[in-house]
Amino acid sequence: MRKSSPGSVRRAFQPWNDPAAKPLVEFRGVTRRFGAVTAVGDLSLSLYPREFFALLGPSGCGKTTLMRMLAGFERPDAGEILLDGVDITAVPPHLRPVNMMFQSYALFPHLNVADNVAYGLKREGLPRVEIARRVEEMLALVKLEGLGRRRPDQLSGGQRQRVALARALAKKPKLLLLDEPMAALDRKLREATQFELMDLQSELGMTFMVVTHDQDEAMTMADRMAVMDHGKLVQIGPPDVIYEAPANRHVAEFVGDINLFEGRVAAIEGDLVKVETSFAGTIELDEEAPALGVGEPVLVGLRPEKIDLGHDEPIGVANKVAGEIWDIGYLGDFTMIQVMIGGEDGQLLKVALANRTRRIARPFAWEDKVWLSWDIEAGLVLRP
Amino acid sequence: MRRLGPGLVLVLVAGFAFLYLPILALIAYSFNASRLVTVWGGFSTHWYGALMANQPLLDAAWLSVRLGLVSATFATVLGTLAALALVRHGRFVGRTLFSGMVLAPLVMPEVVTGLSLLLLFVAVDAERGFWTVTIAHATFSLGFACIVVQSRLAGFDRSLEEAAQDLGATPLVTFATVTLPLIWPAVAAAWMLAFTLSLDDLVIASFTTGPGATTLPMRLYSAVKLGVSPEINAACTIMIGAVALAVIAASLLLKREQVAGS
């Protein structure tokens, strides 16, 4: 019996698996070209109300273009975009109930904080008293009470980011777009802000779509994320599924570190797949209903933290291989060790060891002969 | 900062002397008590008083000021719009031609501009006077205004305008509430530059004006033909003061804008 296959983690919030759920946003066959370059190609995607969705991809993959089409700054060359069931493809940005937080924050330098937050409300023609009340409410929400009279250039980077957030939230949009929201913050502030943003999103019950190239950011915050490459969505799913069951080599390599073994399927015994590899011998792995044929060339992916390292040959494990330590990178919370298997011209593997004690002298040193071992549930099969 | 050698200092002083000594002499002689321009007869503000009594000269000055106000306003509005088109609308059809035509008056000899405008006004049978000179001045100072505004727009963060639209502002409201407040120092500087150009111009005004519309430079020029009087010196001193003030104000505005825009 399988204990916990990826994707079977229990989730309360999964509208994307509910056929009756009505999507808030729908991209239908959307294409956007810039000259000869196709930034977004025939892309379809649905976002659901109250969802925190992250779009992850390297720069130039089309994720920003996709978001700008949702905001209305880019027109698709083909396809349509629906918001709440209404076609908004041709609706100009100022008439869309969608707000965006810009990567540069785009705070108006000639207006103070309160006037920046009030800008969208003034365009709605709300009464002064109501505007003032909403501005106070928003500044309290992002913990900037009392800074309303300041000018943007008198604020720190973190404060500026909060003003941008308050300004985008002030109109209570159906959908908030966040373009690389943490890119300009330092690491500590970034982590804190990520959790605050998640709290804020569930508190307000809004739908958030964040575009980022930072996988930690996407995985921390998102209910569901999409990995994008060359204008296509390569995989959509909850962060743990993306990490543990990547759809292909590109996703596996883009999200987190992974060791890849080239090989051929040697045997299939029920759910157990045996793959013959050049440097790691025969790797056994547990694959639910493998749609593979014997003799088929495949890749075996193995995340660095799923490998055990020892000086003595392990007994009674499914997979093991001998190697020599080539490099040790101490990173504080864990140590990344590079191990060469299959001799000088073999393959370099990454192994992550959690540093669970404060021992300064680590048990492993350069040029140590070591054994690597892993479970049948550690590896995954990818098509090359 | 590196110190300049004595040779360089000499060249610098000679250069500045060549540029500004005549102007300083003119200013000094405007306070000359003597009627003879080249003989110093003691300090006096007599000629400034005489200037105030010279009605034709005052009329010409007032005409030049009105001309400057109107033509600078036209040039600034059109120059700003041209700059917006050039910076904002990417590579539209005919962009190079448009840019060339807007900026051509900058390098066109004034005689050519003046003559061609005269031919145009004659061809359409326009009555020459205040409005023909205004149109002529707006035409040639438009290019200068466009360049000043264009340089400010080029460094303008586009996402500010997008943010305004995202928050519900129409393109026109975006321009009024975000773009214009942020580029206004450049627009004001452009206006002052256009005003100065109009105030200084002799050649184009001579070609395009008609009876009854004599500008200050034209009046001064015709007066000089009869001999330089200290009164002319006084008038020129006032003009130099006005132009210097406008230029200093414009450069201060641009400097402030750089500090604020950074």
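All residue numbers here refer to positions counted from 1 along the written sequence of the relevant chain. Ligands are numbered from 1 and chains lettered from A, in the order in which they are written. Residue-level local features of this predicted model are given only where pLDDT is at least 70; pairs of side-chain atoms are given and counted only at 80 or more, and the full residue set underlies all totals for whole chains, interfaces and linings. Side-chain measures were taken over the full set of non-hydrogen atoms in the model, leaving aside hydrogen atoms and water.

Asks: Give a detailed account of the UniProt feature "transmembrane region" (unreviewed entry) in chain B, specifying residues and quantitative values.
Replies: All names here are of chain B. UniProt positions are given in the numbering used here, feature names are shortened, and annotations may be inferred rather than shown by experiment. Those residues carrying the UniProt feature "transmembrane region" (unreviewed entry) are residues 7-31, 61-86, 98-124, 130-151, 172-194 and 232-254 in this numbering. The span residues 61-86 carries 100% helix and 0% strand; its end-to-end C-alpha distance comes to 36 Å. In residues 172-194, helix accounts for 100% and strand for 0%; the two terminal C-alpha atoms are 25 Å from one another. Helix and strand labels come from DSSP, where a helix needs a run of H or I of at least four residues and a strand needs a run of E of at least two; each type is numbered from the N terminus.

Asks: Could you give an account of the packing of helix α2 (residues 113-123) of chain A against helix α3 (residues 128-141) of chain A, with specific residues and numbers?
Replies: Residue and element names in this part refer to chain A. One can describe the packing of α2 onto α3 by two numbers: an axis separation of 9 Å at closest approach and a directional angle of 125°. Looking at the two axes, α2 sits oblique to α3. In this structure, α2 meets α3 at a crossing whose hand is right-handed. Facing V113, A114, V117, A118, L121 and K122 of α2, the residues of α3 in contact are I131, R134, V135, M138 and L139. Any residue outside Ala, Val, Leu, Ile, Met, Phe, Trp, Tyr, Cys, Pro, Asp, Glu, Lys and Arg is labelled polar, Gly included; the first ten of those are nonpolar and the last four are charged. Considering only residue class, the contact of α2 with α3 consists of nine nonpolar, no polar and two charged. With axes taken as lines fitted to C-alpha atoms, and helix axes fitted only over the stretch in contact, angles between N-to-C directions fall between 0 and 180 degrees. Orientation categories follow fixed angle ranges, with anything under 35 degrees roughly parallel, anything over 145 roughly antiparallel, 65 to 115 roughly perpendicular, and all other angles oblique. Each crossing gets its handedness from the near helix: less than a right angle anticlockwise from the far helix is left-handed, clockwise is right-handed. The contact definition used throughout considers only heavy atoms, calling two residues in contact when any of these lie within 4.5 Å.

Asks: So what's going on with the environment of A249(B)? Which residues, and what values?
Replies: With respect to the helices and strands, the residue A249(B) is situated in helix α11 (residues 230-261). As for A249(B) and A189(B), which are separated by 60 residues in sequence, their C-alpha atoms are 7.7 Å apart.

Asks: Residues and numbers for helix α8 (residues 171-200) of chain B, please.
Replies: One fewer than the residue count of a helix, multiplied by 1.5 Å, yields its expected span. The terminal C-alpha atoms of α8(B) lie 37 Å apart, and with 30 residues this falls more than 12% below the ideal 44 Å at 1.5 Å per residue. The sharpest bend along α8(B) measures roughly 60° and falls at W184(B), with the proline P185(B) sitting one to four residues further on. Two axes enter the definition of the bend at a residue: one is fitted to the seven residues ending there, the other to the seven starting there, and the bend is the angle between them.

Asks: Outline the pairing of strand β12 (residues 272-277) of chain A, listing residues and values.
Replies: Residues and elements named next belong to chain A. Only strands that DSSP links by at least two bridges are regarded as paired with each other. Relative to β12, strand β11 (residues 259-269) runs antiparallel, the two sharing six bridges. Bridge pairing links V265 to V275 in β12. Hairpin remark: β11 followed by β12, antiparallel, with two residues in the connecting loop; positive phi at G270, about 65°. The pairing of β12 with strand β13 (residues 282-286) spans five bridges and is classified as antiparallel. Counterpart to L272 in the pairing with β13 is D286. A loop of four residues connects β12 with β13, the two strands running antiparallel in sequence, and G281 in this loop sits at a positive phi of about 65°.

Asks: Tell me about the pairing of strand β18 (residues 347-354) of chain A, and name the residues and values.
Replies: Residue and element names in this part refer to chain A. When strand β17 (residues 334-341) meets β18, the two strands line up antiparallel, connected through eight bridges. Bridge pairing in β18 places Q338 opposite K350. Between the end of β17 and the start of β18, which pair antiparallel, lie five residues, with G342 showing a positive phi angle near 75°.

Asks: Explain the sheet that holds strand β14 (residues 297-302) of chain A to me, using residue names and the numbers behind them.
Replies: Residues and elements named next belong to chain A. Spatially, five strands are ordered β13-β12-β11-β14-β20 in an open sheet, and the strand pairing comes out antiparallel. Of all the strands in the sheet, just β13 and β20 (380-382) have a single pairing partner and so form its edges. Recorded for the sheet is a direction-independent mean angle of 45° between the axes of neighbouring strands. The pairing of β11 with β14 spans six bridges and is antiparallel. Bridging from a neighbouring strand, E262 pairs with L299 of β14.

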